[in-house]
Every structure is written in structure tokens, then in C-alpha cells.
Amino acid sequence: MPDRTLHIAAAGLPRSPCAAGAVVDLRSDTVTLPTPSMYGRMQTAALGDDGLDGDPTVRALEALVARTLGKEAGLYVPTATMGNLLAVLSQADRRSQVVLEESAHMFVSERGGAAFSGVTYIGIPGVAGAMDLESLALVLKSSSELRTDLVCMETTHGNAGGAVLPLDHMRAVWKASSDAGVRVHLDGARLFNAAVALNVDPAAIACYADTVALCLSKGLSAPAGAVLAGPSATMTSARRLRKMLGGTQRQIGVIAAAGLDALETMPGRLAQDHALASRLSEALRAVLPDGVSISTPPTNIVFVDLPEAAPDSLAWAEALKECGVLVRPWGPRRIRLVTHRHIDAACVDAAATGFRRAAQSLLA
């Protein structure tokens, strides 16, 4: 009897993901499916109890991420959100503060973690995801009742349209924080996209942070999981805290195996996603009226900003869905589009056609 799992994996998507009128899914790079080789690694993964004496596949993944990022140790976690929270819990004392750029994902979407950590999240202004260094210096020198224990950066920066932090900026944040005796954490959910855009090794970015959270289930295409990496002592503390949060996953090597394969096979193709995002941006400029603003993507995220007189982003999402294009409203007047492994040139052309049709119906 044929192996049904491998059959499904091999069948996957057609050679052109947008052949035969298939839906173009630009909502996020989290929609990526595992590759056939990932399914194969999952079937043959060596397993153990990660809550007792350890899972060998998880240990291999943690070690690989640590080596890749130039860190002492790694910790496998269900999500990068948990990785970021563990970074805060293991490095910031209660009644201290964590400083972030005010549009950072950790500040906008994850600061509810303060309910668990007992710390205060402070947002400071920035440009293209890069926090204002003068504002950072003022916070670090402040004699307020809350001591700053952690400074957090994000690259690529999701709310800044996939912006990549310049290494000089990261170095300046690292030096200012270190001189003040403050640790630095990097939300590196799309760190490999940043490394490709800068044409550097991931460790050349990660060296400007004590801890780094890396997501495996976005452009790298693993089905789930993230790794927090940093000093061994910090990871020991984070492992204890992970158990307290219910993050122990037992024989999770069956999923970690896909993460291993993702790290070994996926980073080299991320440049294709960036190139297709640029092509998508240009295609949309050609079909949408001048009042609609299209971002120039630094990596794999395109923003479409709608004029005040136009229907809102929810109306556009519904109209585009009718045209076979899935997008994500990113506020009332902004639409986010993300390219990934299942998007090719035919998908970009189909998306542009869908936007043209939606514009004809919404802006008539």
C-alpha cells in the first residue's frame, strides 16, 4: 500500500502554484507548506521525551541554530511569540522596563506578555523600524523608578514593510545598551530574509543581540516552531520558564525534523521571494490609479495604502477574494501582501489582474 503521507507531500502544489485558476494567497509567508523532504525527515526522525531526558532531533536543531547565529545554546519553542516572551522573562526583572521601537511587533502585538512578566514595555519613535538613537539614549540614562533591563530590536521589521535594520544602527543600539549594562534581544522571526537582503551571514546580524528568536514557519516553510538562542545560562533559565508556560512538547522531534530541513535547504531561495515582491510592487503600480500608494519592498512584504476617499481595506479584501486573491488588511487603509515559496511569476500576474478588477468595481 503506498505511503499516503508521502503521496500528499509529493502532490503538493502544481508546478505553477497559480495554474488552473488557483487562489493566490498573499496573506502571509506563514501559509507555506512543508516540502517533500521535510515530510521525509519527519517520518524518520529520532525521538525522545523533550521534557525528560531530551529529544535528539530537537537537540540537533537547537545546536544548529546556535551555531548558525553564533550563540552558545538554543531552545526550541512552539512559536516565536513564546521565544520573545521567554527572552523577556529570562533577562528582565519584575518592575523593570523593556524598550522597543514603537511599531515593533513585540510592542504592538505581544506586550500583553507584561501580564506574565511584570515588566513595562516602553515604545520609542523610529524610522523604518529603526529606533531613534537619541530617544534610546535618554531612556537608558533616565533615573525613573523603572530600571531598563532589556532593549529589543526587530529585523526584518514587519510593520515597517519588511524593512531591514542597517548593521550600523544595530551596532549603535548594541553599544549604547551594553555601555549602560542593558541586554539586547532581537526579534528575528524573519532574520534569514534580513541576511539575504544584506548579503551577510545570519551571525553577522545576531552578534548585536544577547538573545535572538528565529521563526521556522514563515519563509523557511517548516510547519511550526521557533528557536530562541543565546548564552547557555540564559537558555537554562528560559528552559525552566518554558516548562512553567506549558511549552514542553515531549516527542516534538517529529516537527523539529522539518525545522532542521528548513534551515539546511530554505535560506538560499529567499532571494526569489524578494524579487517577486519587487515584481508585484511594479505590477500593482501599473494597474492601480495614482491615488493608491504601493511600497517598494526591501524584502518580501508589499504595502498597499488606500486613499481616504476609497473603500477601506476590508472591502478590498472581500473584493479581491472574489477575484481569487487573498490579502490581509493591515489597518483600515492599508493592505499587506507577502510573497513566499508558493508564489511565482504567474501568481504575481494573477494578483495584478485581481487588483485591477477589484479597483474597477470599488473605484468606479
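Residues numbered from 1 in each chain as written. Predicted model: local features only at pLDDT ≥ 70, side-chain atom pairs only at ≥ 80, totals over all residues. Heavy atoms only, no water.

Novice: Let's hear about helix H15 (residues 345–362): which residues, and what values?
Specialist: Helix length check: H15 (18 residues) gives 26 Å between terminal C-alpha atoms against 26 Å at 1.5 Å per residue, within 8%. Among the residues making up H15, those that are buried are Cys347, Val348, Ala351, Ala352, Gly354, Phe355, Ala358 and Ala359. Looking straight down H15, one finds that the buried residues subtend no more than 165 degrees of arc, so they occupy a single side. Taken together, the buried residues of H15 touch strand S1 (24–25), helix H13 (270–287), strand S12 (301–305), helix H14 (313–322), strand S13 (325–326) and strand S15 (334–338). The residue sitting at the N-terminus of H15 and contributing the capping side-chain oxygen is Asp344; that oxygen lies 3.1 Å from the backbone nitrogen of Ala346. (Helix = DSSP H or I, 4+ residues; strand = E, 2+ residues; numbered from the N terminus. Expected span 1.5 Å × (residues − 1). Buried < 20%, exposed > 50% of the residue type's maximum accessible area, 1.4 Å probe, protein only. Arc of directions from axis to C-beta. Contact = heavy atoms within 4.5 Å. Polar contact = N/O pair within 3.5 Å; in protein donor to acceptor, adjacent residues only side chain to side chain.)

Novice: Could you give an account of the domain arrangement of the protein, naming the residues involved and the relevant values?
Specialist: In terms of domain boundaries, the protein breaks down into domain 1 (24–33 + 269–363) and domain 2 (36–266). Between domain 1 and domain 2, the C-alpha centre-to-centre distance is 28 Å. Across the boundary between the two partners, domain 1 contributes 18 residues, which contact 19 residues of domain 2. Between domain 1 and domain 2 the total buried area reaches about 1500 Å² when both faces are included, carbon and sulfur atoms providing 53% of it. Scanning the region where domain 1 abuts domain 2 turns up seven residue pairs in polar contact (both at pLDDT 80 or more). Breaking the side of domain 1 that touches domain 2 down by element, the ones donating at least two residues are H13, S12 and S15. At three residues, the largest contribution of residues to the side of domain 1 that touches domain 2 is made by H13. (Domains from an automatic or database assignment. Buried area = accessible area lost by both parts, 1.4 Å probe.)

Novice: So, the sheet that holds strand S8 (residues 183–187): which residues are in play, and what are the values?
Specialist: If you trace the seven strands from one edge of the open sheet to the other, you get S2-S10-S9-S8-S7-S3-S4, paired in mixed fashion. Looking along the sheet, the strands with just one partner apiece sit at the ends: strand S2 (73–77) and strand S4 (120–124). Recorded for the sheet is a direction-independent mean angle of 20 degrees between the axes of neighbouring strands. Looking at chain direction, S2 and strand S10 (residues 226–230) are connected through five bridges and run antiparallel. Bridge pairing links Gly74 to Ala229 in S10. Relative to S2, helix H3 (residues 56–69) is tilted by about 125 degrees, and along the sheet it contacts S2, strand S9 (211–215) and S10. The sheet strands contacting helix H11 (residues 232–244) are S2, S8, S9 and S10, and the helix crosses S2 at an angle near 20 degrees. (Pairing = 2+ DSSP bridges. Axes fitted to C-alpha atoms, helices over the stretch in contact; angles between N-to-C directions.)

Novice: Help me get a handle on the sheet that holds S12, residues and values and all.
Specialist: One open sheet accounts for four strands, arranged S11-S12-S15-S14; its pairing is antiparallel. Taken across any chain shown, the strands that pair with only one partner, and hence form the sheet edges, are strand S11 (293–294) and strand S14 (328–329). In this structure, S11 lies alongside S12, joined through two bridges in antiparallel fashion. Residue Ile294 lies in a different strand from S12, and its bridge partner there is Val304.

Novice: Could you give an account of the side chain of Arg269, with specific residues and numbers?
Specialist: Structurally, the position occupied by Arg269 is in the loop between helix H12 (253–265) and H13. Beyond its immediate chain neighbours, meaning those up to four positions away, Arg269 contacts Gly219, His340 and Arg341.

Novice: Explain the packing of aromatic side chains to me, and be specific about the residues and the numbers.
Specialist: Aromatic ring pairs are described here by two measures, namely the spacing of the ring centres and the angle between the planes. Inspection of every chain in the model, using the stated rule, returns one aromatic pair. Judged by centre distance (6.4 Å) and plane angle (35 degrees), the ring pair of Trp316 and Phe355 falls under tilted. In this pair, Trp316 is assigned in helix H14 and Phe355 in helix H15, connecting sequence segments 39 residues apart. Judged on exposure class, the residue Trp316 and its partner Phe355 are both buried. The positively charged end of Arg334 is found above the aromatic ring belonging to Phe303, 4.1 Å away from the centroid. (Phe/Tyr/Trp six-rings, centres within 6.5 Å; stacked < 30°, edge-to-face > 60°. Lys NZ or Arg CZ within 6 Å of the ring centre and 35° of its normal.)

Novice: Requested: an account of unusual backbone geometry, with residues and values cited.
Specialist: Where the residue is not glycine, phi is negative for most of them; where a peptide bond is considered, it is trans in most cases. A cis geometry characterises the amide bond from Thr155 onward to Thr156, with omega recorded as -5 degrees. Position of Thr156 among the secondary structure elements: in the loop between strand S7 (147–154) and helix H8 (167–179). Unlike most non-glycine residues, Asn199 shows phi in positive territory, near 55 degrees. A relative accessible area of 70% places Asn199 in the exposed class.

Novice: Could you give an account of the confidence of the model for the protein, naming the residues involved and the relevant values?
Specialist: In regions of low pLDDT, the predicted coordinates are not meant to be interpreted in detail. Looking at the protein as a whole, the pLDDT averages 93, with 94% of positions reaching at least 70. Across residues 1–15, confidence stays below pLDDT 50; counting only partners more than four residues off in sequence or on other chains, it has eleven contacts. (pLDDT = per-residue confidence, 0-100.)

Novice: Talk me through the UniProt feature "domain: Aromatic amino acid beta-eliminating lyase/threonine aldolase" (unreviewed entry) in the protein; I want residue IDs and the actual numbers.
Specialist: Cross-referencing UniProt, the feature "domain: Aromatic amino acid beta-eliminating lyase/threonine aldolase" (unreviewed entry) maps to residues 25–306 in the present numbering. Measuring from the first to the last C-alpha atom of residues 25–306 gives 20 Å, for a span that is 43% helix and 18% strand. (UniProt positions renumbered as here; feature names shortened; annotations may be inferred.)

Novice: For the packing of H14 against H15, give the residues involved together with the corresponding values.
Specialist: Between H14 and H15, whose axes approach to 9 Å, the crossing angle comes to 125 degrees. It follows that H14 is oblique to H15 by the angle criterion. Helix-helix and strand crossings are classified by hand; for H14 and H15 the assignment is right-handed. Every residue of H15 that contacts H14 at Ala315, Trp316, Ala319, Leu320 and Glu322 is listed here: Gly354, Phe355, Arg357, Ala358, Ala359 and Leu362. Residue composition of the contact of H14 with H15, grouped by class: eight nonpolar, one polar and two charged. (Parallel < 35°, antiparallel > 145°, perpendicular 65-115°, else oblique. Left-handed = near helix turned anticlockwise from the far one by under 90°. Nonpolar A, V, L, I, M, F, W, Y, C, P; charged D, E, K, R; others polar.)

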